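# Commentary on secondary and tertiary structure
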Amino acid sequence: MVQRRRGAELEKALLDAAWEELADNGYARFTMDGVVKRAGTSPPVLYRRWSDRDELVRATIVHVLHESRPALPDTGSLRGDILTLMRQINTAHVELITVMYSHLASYYRETGRSPAELFDPSAPSRDASLDTLFDRAVARGEIPADLPTERIKTLPFVLLRHEILSAFASVPEHVLEEIVDTIFLPLVH
């Protein structure tokens, strides 16, 4: 006998099915019917929660970003923290980055939204997390308190995203180390 899913369990199943549909087919071929089939439910169950595919796509991205938020490392050094965070992203977020920046291009055009608008406003901000890493580095005396700028703080992650989108694959370890050691750390020291 099949047990009926309800509440948060049902919503998670629907959003997980929507993510699979989006990752496999991209936004252009993303359909509510495809999500219904993947979730093993009926259209009214889905439409009671999201009235159209754009609402569902946004809810799906917010859900996936919330579920996949990397843990904030504390290795005892800025280099170690940045590399650990980059490794976590490189291991667990290649599909997410690919979907966010390439599969959703037509979504951004059609809705006028940007990738930044898909982040969950109730989630702790990425900037606050990075600030924590840099505050620790300042407290340890690794970097001066007046550095770095916001652009420098995000630089390793922007370069990582670029590398992932260039190959639609994980980035080799030596490239991560090169980004941190030859580009990022000289800017903060």
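Residues numbered from 1 in each chain as written. Predicted model: local features only at pLDDT ≥ 70, side-chain atom pairs only at ≥ 80, totals over all residues. Heavy atoms only, no water.

Our next topic: the overall build of the chain. In terms of regular secondary structure, the chain is built from 10 helices and zero strands. Counting from the amino terminus, helix and strand elements in the chain follow one another as α-α-α-α-α-α-α-α-α-α. Looking at the chain as a whole, 40% of its 189 residues are labelled buried. Only carbon and sulfur atoms are counted for the fraction: they give 53% of the accessible area of the chain, which is about 10300 Å². Charge-centre separation for the chain: the mean point of 22 positive side chains lies 6 Å from the mean point of 28 negative side chains. (Helix = DSSP H or I, 4+ residues; strand = E, 2+ residues; numbered from the N terminus. Buried < 20%, exposed > 50% of the residue type's maximum accessible area, 1.4 Å probe, protein only. Areas by Shrake-Rupley, 256 points an atom, 1.4 Å probe, with all protein chains shown as cover. Lys, Arg positive; Asp, Glu negative; His and termini not counted. Charge placed at Lys NZ, Arg CZ, Asp CG, Glu CD.)

It is worth spelling out the packing of aromatic side chains at this point. The geometry of an aromatic ring pair is captured by two quantities: the separation of the ring centres and the angle between the planes. Within this structure, the stated rule accounts for three aromatic pairs. Judged by centre distance (5.8 Å) and plane angle (70 degrees), the ring pair of Tyr 107 and Tyr 108 falls under edge-to-face. You can call Tyr 107 buried: its relative accessible area is 0%. Ring geometry for Phe 134 against Phe 184: centres 6.1 Å apart, planes inclined by 70 degrees, an arrangement best described as edge-to-face. Of this pair, Phe 134 sits in helix α8 (residues 126–139) while Phe 184 sits in helix α10 (residues 173–188), placing them 50 residues apart in sequence. (Phe/Tyr/Trp six-rings, centres within 6.5 Å; stacked < 30°, edge-to-face > 60°.)

What follows is about the pattern of salt bridges. Any two side chains of opposite charge can pair, so long as their charged atoms come close to each other. Counted under the stated rule, the structure contains 13 salt bridges. A salt bridge links Arg 87 to Glu 173; its shortest N-O distance comes to 2.5 Å. One end of the pair, Arg 87, is in helix α5 (residues 78–92); the other, Glu 173, is in helix α10, and 86 residues separate them in sequence. Linked through salt bridges whose partners overlap, the residues forming this network are Glu 20, Glu 21, Asp 24 and Arg 38. (Salt bridge = Lys/Arg side-chain N within 4 Å of Asp/Glu carboxyl O.)

Okay, helix α4 (residues 53–67) next. Here α4 spans 20 Å end to end across 15 residues, near enough to the 21 Å set by a 1.5 Å rise per residue. If you follow the buried residues of α4, they end up packed against α1 (7–25), α2 (32–39), α3 (43–47), α6 (94–103) and α7 (105–111). The opening residue of α4 is Asp 52, an N-cap whose side-chain oxygen sits 3.1 Å from the backbone nitrogen of Asp 54. (Expected span 1.5 Å × (residues − 1). Contact = heavy atoms within 4.5 Å. Polar contact = N/O pair within 3.5 Å; in protein donor to acceptor, adjacent residues only side chain to side chain.)

Bringing unusual backbone geometry into the picture now. With the exception of glycine, most residues fall at negative phi, and the peptide bonds are largely trans. The backbone of Phe 168 shows a phi angle near 50 degrees, a positive value even though the residue is not glycine. Turning to its location among the elements, Phe 168 is positioned in the loop between α9 (150–167) and α10.

Before going further, it helps to examine the side chain of Thr 98. Mapped onto the elements, Thr 98 comes out in helix α6. Apart from residues no more than four positions distant in its own chain, Thr 98 is found in contact with His 103, Ile 164, Leu 165 and Phe 168.

Below, the discussion takes up the environment of Ser 129. Along the polypeptide, Ser 129 turns up in helix α8. Once the C-alpha coordinates of Ser 129 and Pro 73 are considered, the two residues, 56 residues apart in sequence, prove to be 9.8 Å apart.

So, on to the packing of α1 against α2. Packing of α1 against α2 leaves a shortest axis separation of 8 Å and a crossing angle of 120 degrees. As judged from the angle between their axes, α1 and α2 are oblique. As α1 packs across α2, the resulting crossing turns out to be right-handed. On α2, the residues that touch Ala 13, Leu 14, Ala 17, Ala 18, Glu 20, Glu 21, Asp 24 and Asn 25 of α1 are Gly 34, Val 35, Arg 38 and Ala 39. Residues that form the contact of α1 with α2 fall into these classes: six nonpolar, two polar and four charged. (Axes fitted to C-alpha atoms, helices over the stretch in contact; angles between N-to-C directions. Parallel < 35°, antiparallel > 145°, perpendicular 65-115°, else oblique. Left-handed = near helix turned anticlockwise from the far one by under 90°. Nonpolar A, V, L, I, M, F, W, Y, C, P; charged D, E, K, R; others polar.)

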